[in-house]
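# Structure at a glance
Residues per chain, in single letters:
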Amino acid sequence: MATLRALECLVAVLDYGSVTEAAARLHMSQPALSHQLAALEREIGTPVVERLPRGVRATAAGRAIVVDARAALAAAERVVTTGRAVAAGAQGQLRIACAESMTAGLLAPVLRGWWRRHPDVHVMLNEMSSADALSELVRAGAADLGLGPRPTRWDGHLEVIGREEIVAARAAADTAKPLTLNDIAAEPVVHYHPDNGLGAWLDDIAADRGVTLTAATRTKQANTAAQLAAAGLGTALVPTSALSASFPGVVRSLRPPIFRDVVCLTSTPNDPLVQRFQHEVRKRGVPVPAAIAAQLTPQR
């Protein structure tokens, strides 16, 4: 196969009409340039330039291939330019998988700042209801990074962004004290659809504490569970990332408290674009709206 260097030599010789001038422009020796042309001619099986008493000119084959040679060199230059631009965060595509409950509270503020600084980087977002489903997207190469709770199965690169508290969302401020899982199990519970990994995780924690959470209502999304709880349908156990500052209900800490790690997964940790986005997520951390934090019991 013809090399880019050989094509570059052909274009230079035909542009300048001289092996000597072309070699000087390419910072090569004349024998080295002649060797490249000879290799190209062996590859295609016919001469590409005709040696004249003064200079050279293209043969029929040379004239036929020089257009494609120029296009190949231009394409190679675009490859380098594009690669450098992506590495610098100036353009490219970033595929993000995110837990549904974290899209609004955690990811959206990061994306808002990212788009201001990197307007030509196209972001593709895929929201998942399960940490394990999220990790599978990253493992399969369908997402560049995943943001969500710690999955049960993952052997790739993982960075802990922070921790978030699981709290009880309710309709009325009937008590300011922390609630136990026994307190919550004694009331109607807004629980989760089996497709949502949060529900199974909470059931396992409750079982370890000798408690069974019986669902009065089920939903697939944590922010919907919180809204249903605020409307009086029961108590919902939700991560703080699913709550906005304008949440209409009240929230209470649990006793003992329940926390979960928020992690960033990637199978390409050395990718410059992924590294830049991870840095933005890490810098943002896992914030809790002040109106929500004010209702929670400080954890020691």
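As the structure is a prediction and not an experimental result, all values here were calculated from the model. (Residues numbered from 1 in each chain as written. Predicted model: local features only at pLDDT ≥ 70, side-chain atom pairs only at ≥ 80, totals over all residues. Heavy atoms only, no water.)

Counting its regular elements, the protein chain contains 11 helices and 11 strands. Relative to the globule expectation of 19 Å for 300 residues, the C-alpha radius of gyration of the protein chain, 31 Å, shows a markedly less compact shape. Its C-alpha atoms give the protein chain principal-axis dimensions of about 100 × 30 × 30 Å. Within the protein chain, residue pairs in contact and separated by at least 24 positions form 75% of the contacts whose partners lie at least 6 positions apart. (Helix = DSSP H or I, 4+ residues; strand = E, 2+ residues; numbered from the N terminus. Rg over C-alpha atoms; globule rule 2.2 N^0.38 Å. Contact = heavy atoms within 4.5 Å.)

This part covers helix 3 (residues 30-44). Helix length check: helix 3 (15 residues) gives 21 Å between terminal C-alpha atoms against 21 Å at 1.5 Å per residue, within 8%. Turning to helix 3, its buried residues are L33, Q36, L37, L40 and E41. End-on, the buried residues of helix 3 take up no more than an arc of 135°, which puts them together on one face. Helix 3 presents P31 and R42 as exposed residues on the side facing more than 90 degrees away from its buried surface. Just downstream of helix 3 lies G45, where phi reads positive at about 85°. (Expected span 1.5 Å × (residues − 1). Buried < 20%, exposed > 50% of the residue type's maximum accessible area, 1.4 Å probe, protein only. Arc of directions from axis to C-beta.)

Let's shift gears to the confidence of the model for the protein chain. Averaged over every residue, the pLDDT of the protein chain is 88; residues scoring 70 or more account for 96%. Confidence scores differ between elements of the protein chain, with helix 4 (residues 60-87) showing the lowest mean pLDDT of 83 and strand 9 (residues 235-239) the highest of 95. (pLDDT = per-residue confidence, 0-100.)

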